[in-house]
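# What the coordinates show
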Amino acid sequence: MYVIGTAGHVDHGKSTLVQALTGIDPDRWEEEKRRGLTIDLGFAWLTLPSGKEVSIVDVPGHERFIKNMLAGVGGIDLALLVIAADEGVMPQTREHLAIIDLLEIERGVVALTKADLTDAEMLALAEADAREALAGTTLSAAPIVPCSGTTRDGLDALVAAIETQFAETQPRHDTGRPRLPIDRAFTMPGFGTVVTGTLIDGALRTGDQVEVLPGNARARIRGLQMHGRAVALAEPGRRTAVNLSGIAVDDLHRGMVLARPGTVRVTTSVDVQLKAVPYLGRVIRHNLTVTFHTGSAEVEGKLLLLDTREVAPGAEVWAQIRLATPAIALPGDRFIVRDPNDTLGGGSVVVADAPRHRRFDADTIAQLERLAVGSPEEALLASLGAVPVPVASLDAAVADSLVASGRLLRLDSCVVTRPAFDALSARVQEVLSAYHAAAPLRPGMPREEMRSRLALPADAYDALIVRLADDDIVVVRTNALAISDHEPALSPEQQLIAERYVASLRATPYSPPTDARPDDDLLALLESRGEVVPAGDGVVFAAEAYREMLARIQAHLEERGKITLSEARDMFGTSRKYAQALLEHLDAKRVTRRVGDERVPVKPP
């Protein structure tokens, strides 16, 4: 599935055209309908003749709402540039086209709308004007289709041109690290919090744990929708609505990013390759305050030029942008910078979370040039986040090369970078240290609790724990994990309580007291040490008494093939309560199996 984004000057008929193509009015707000002016992003979808569905993001054309336009144009696969035949190319046409060019959107179709209001000569002039504006941009070869959203003339040809463009468009790559830049957040009655955006870099599934950045708030995906239909899986490149539980809509806003926990990090500084728009009537100077647009985010920052004192129109330079507030930007992400009045330029992020640099430093520039060109290995490493990624989603030869060099570590069907592995190791130790501090008597944290904390696939998690155990960082105790040097330690008072409790069990081994039970942590420690055996229903036997009772019952079963509750009770001179707890415990351990009022041995498979 692909996403179309409209672009063009105000009142050139973008929303009318979208409604004519889809039957959906993209103007959502009452003010938009009253003024006949698109103010914010609108959304619709279209089924092509081939049966493929495409999403449409309709953007405002007025210069006052350019930031809203930028929030929607970043995730599109094809630009639908709308130019009114009766007016031709206008200022916002040029600015939107420059943005499309800076974002390197290579597929596009020009809709020469309002063709019904012109004659053949004027239509030819408008087409020539459009072709001249397209020259030198990524849309230089885009087809131009005269049409009318009012009379519907030319719409079939327009749809055919869109279909042809998509036939040559590659699907979005799945890196295993999904990101959803949020462009809307709202509450839906009966569902709760919903966010929408164009999903990139990976798939999301119902039930996934996610975090919202900046801010690190956690939530769970309660449901997914695409084009009004519920789905269990949303793939990259699709307009997606995500119903979230565990987070309030007041905690969400446009510009945030939905991602799997730990897969991306916020940044306040990026190194970039910046190209100035060619029609800008002035130079861009060092230390200029700009707004940085990437995905659906808009953040104020300082533009620091690294290899020049000023940028002439159309020139390309190295720069660093230091952001006033955190944002999500990864290497390879496209961006736009503006001042209060104009789009200044844009380009690609080369380094996220960049350190400070000296200006005009040859080594810094050389390093940025190497990263921008990049080997396949460097490009792959730059694309990976902080969690294991399925190796099947990567170039196998490049991944194998990185594994062989030690820059990637294999975790079963996944791989992870060395820094990400070290971060996971540190996270495990941090979580275990906190757990041991809160529950010092327990042998360790349950394995599944740790996996839930890390939000890793089961096979990658198991492989991670094996590596950490091999490195003597953690120790595995049955179904629990502990830091390798952790040993439960009793205080003198706790030691006395434990000794008295075990002595009381041994005093009446077949009818142990149930009213002097210690707290759960102390009991769990005694069980892990092999001193007691909890049998259920509040009954705990001393370990040696339990072993004796088990041996006698097994001998009875071997001799007679069955045992009843009353026989077990009489065998140990105890009450029904203890005999029943013991037999039910043996049922659970699959030593015995209940058949009517009798227990029979469970035969080995």
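What comes next concerns the included structure.

Cut-off values and rules
- Residues numbered from 1 in each chain as written.
- Predicted model: local features only at pLDDT ≥ 70, side-chain atom pairs only at ≥ 80, totals over all residues.
- Heavy atoms only, no water.
- Helix = DSSP H or I, 4+ residues; strand = E, 2+ residues; numbered from the N terminus.
- Rg over C-alpha atoms; globule rule 2.2 N^0.38 Å.
- Buried < 20%, exposed > 50% of the residue type's maximum accessible area, 1.4 Å probe, protein only.
- Contact = heavy atoms within 4.5 Å.
- Areas by Shrake-Rupley, 256 points an atom, 1.4 Å probe, with all protein chains shown as cover.
- Pairing = 2+ DSSP bridges.
- Salt bridge = Lys/Arg side-chain N within 4 Å of Asp/Glu carboxyl O.
- Patch = residues over 30% accessible without salt bridge, like charges linked within 9 Å, V, L, I, M, F, W, Y side chains within 5 Å.
- Lys, Arg positive; Asp, Glu negative; His and termini not counted.
- Charge placed at Lys NZ, Arg CZ, Asp CG, Glu CD.
- Axes fitted to C-alpha atoms, helices over the stretch in contact; angles between N-to-C directions.
- Core = buried A, V, L, I, M, F, W, Y, C linked by side-chain atoms within 4.5 Å.

### Quick notes on the overall build of the chain
For the chain, the count of helices and strands is 17 helices and 35 strands. Relative to its length of 605 residues, the chain is extended, with a C-alpha radius of gyration of 33 Å against a globular reference of 25 Å. With the C-alpha coordinates of the chain rotated into their principal frame, the extents come out at 110 × 60 × 45 Å. Expressed as a percentage of the 605 residues in the chain, the buried residues total 50%. Partitioning the contacts of the chain with sequence separation of at least 6, the portion at a separation of at least 24 is 66%. Carbon and sulfur atoms make up 50% of the accessible area of the chain, which totals about 27400 Å².

### Some words on the sheet that holds strand S27 (residues 414–417)
Sheet architecture is open: three strands sit in the order S25-S27-S26, paired in antiparallel fashion. Taken across any chain shown, the strands that pair with only one partner, and hence form the sheet edges, are strand S25 (389–390) and strand S26 (408–411). Here S26 runs beside S27; their pairing, made up of four bridges, is antiparallel. Residue pairing for S27: Leu409 is matched across the bridge by Val416.

### A closer look at the pattern of salt bridges
Evaluation of the coordinates by the stated rule reveals 24 salt bridges. Notably, a salt bridge pairs Arg552 with Glu548, separated by 3.1 Å at the nearest N-O pair. With Arg552 and Glu548 both in helix H15 (residues 543–560) and four residues apart, this pair spans about one turn of that helix. The exposure class of Arg552 is partly exposed, given its relative accessible area of 31%.

### A look at a negative patch on the surface
Taken together, Asp11, Asp86, Glu87, Asp116 and Asp153 make up a surface patch of like negative charges. With respect to the helices and strands, Asp86 occurs in the loop between strand S4 (78–84) and helix H4 (91–102). A residue is classified by how much of its surface remains accessible, and Asp86, at 33% relative accessible area, is partly exposed.

### Structural notes on the sheet that holds strand S5 (residues 108–113)
Strands sit in the order S2-S3-S1-S4-S5-S6 across an open sheet of six strands; the sheet is mixed. One side of each edge strand has no neighbouring strand; the edge strands of this open sheet are strand S2 (42–47) and strand S6 (144–146). Each strand axis lies, on average, 25 degrees off the axis of its neighbour in the sheet, ignoring direction. Two strands pair when backbone bridges link them, and S4 and S5 are joined in this way by six bridges, in the parallel orientation. Note on S5: the bridge partner recorded for Ile83 is Leu112.

### What about the side chain of His585?
Mapping His585 onto the fold places it in helix H17 (residues 576–588). His585 gets classed as buried once you look at its relative accessible area, which sits at 12%. Excluding residues within four positions of it along the chain, His585 makes contact with Val533, Pro534, Ala535 and Tyr546.

### What about the nonpolar core?
Within the largest apolar cluster, 57 residues are counted, with the highest numbers of intra-cluster contacts made by Val272, Phe292, Leu303, Ile321, Phe335 and Val337. The contact partners of Leu303, leaving out residues within four places of it in the chain, are Leu274, Ile284, Arg285, His286, Asn287, Leu288, Val290, Ala319, Gln320 and Ile321. Counting residues in each nonpolar core, the second largest holds 26 residues, with Leu409, Leu411, Ala439 and Leu454 among its members.

### Concerning the pairing of strand S31 (residues 532–536)
Pairing analysis gives four bridges linking S31 to strand S32 (residues 539–542), with the strands arranged antiparallel. In the strand pairing of S32, Val532 is matched with Ala542. Counting the residues that bridge the hairpin from S31 to S32 gives two residues, and of these Asp537 lies at a positive phi of roughly 55 degrees.

### Here's the deal with unusual backbone geometry
Cis geometry is adopted by the peptide bond preceding Pro214, which originates at Leu213 and carries an omega value of -5 degrees. Considering the arrangement of structural elements, one finds Pro214 in the loop between strand S11 (209–213) and strand S12 (217–226). In this model, Asn287 sits at a positive phi of 65 degrees, which is unusual for a non-glycine residue. Its place among the elements puts Asn287 in the loop between strand S18 (284–285) and strand S19 (288–294). Relative accessible area serves as the criterion here: at 40%, Asn287 is assigned to the partly exposed category. A positive phi is found at Asp472, a non-glycine position, where the angle reads about 60 degrees. Within the fold, Asp472 resides in the loop between helix H12 (458–470) and strand S29 (474–477). The exposed category is assigned to Asp472, whose relative accessible area is 55%.

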